[in-house]
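Descriptive analysis of the structure
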Amino acid sequence: LVLHEDDKKFAAFYADYLVLSGIADDGSESDSLIGGRYLDSLFDVHALSLERFNERADMYKEDPKLWRAVLQEVKGKLQNDGR
């Protein structure tokens with residue numbers, strides 16, 4: 001399954017979100033989840049809007065194979081970035 005650019009953008013955002021929220025550090029949720037201001041900045045960095053994020057998330061709910069491919073992309077980003 002080949003990911004489109006929007007899928008890759010979503011995956012990059014999601015990987016960074018996991019790192020910044022502390023979830024990707026040790027596999028457990030952190031008490032210091034990122035706040036709204038940082039989340040807005042993260043959306044800006046990835047040129048992604050909340051609306052577009054929600055549209056993509058809804059689409060992935062309807063297509064589990066695509067969601068699995070996006071999660072594999074996220075996993076690859078986390079591993080390749082040494083996270």
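Not measured: the values here are computed from a predicted model.

Here we come to the side chain of histidine 46. One can find histidine 46 in the loop between α3 (36-45) and α4 (50-62). Judged by relative accessible area, which is 13%, histidine 46 ranks as buried.

For the structure shown, the criterion picks out 9 aromatic pairs. Where phenylalanine 13 meets phenylalanine 43, the ring centres are 4.6 Å apart and the plane angle is 15°; that geometry is what we call stacked. Here phenylalanine 43 lies in helix α3 and phenylalanine 13 lies in helix α1 (residues 5-21), a separation of 30 residues in the sequence. By relative accessible area, which is 2% here, phenylalanine 13 ends up buried. Centroid distance phenylalanine 13 to phenylalanine 53: 5.3 Å. Interplanar angle 65°. Geometry classified as edge-to-face. You can see phenylalanine 13 sitting in helix α1 and its partner phenylalanine 53 sitting in helix α4, a full 40 residues away along the chain. Ring pairing ties together the aromatic residues Phe10, Phe13, Tyr14, Phe43, Phe53, Tyr60 and Trp67, which thus form one cluster.

The rules behind each value
Residues numbered from 1 in each chain as written. Predicted model: local features only at pLDDT ≥ 70, side-chain atom pairs only at ≥ 80, totals over all residues. Heavy atoms only, no water. Helix = DSSP H or I, 4+ residues; strand = E, 2+ residues; numbered from the N terminus. Buried < 20%, exposed > 50% of the residue type's maximum accessible area, 1.4 Å probe, protein only. Phe/Tyr/Trp six-rings, centres within 6.5 Å; stacked < 30°, edge-to-face > 60°.

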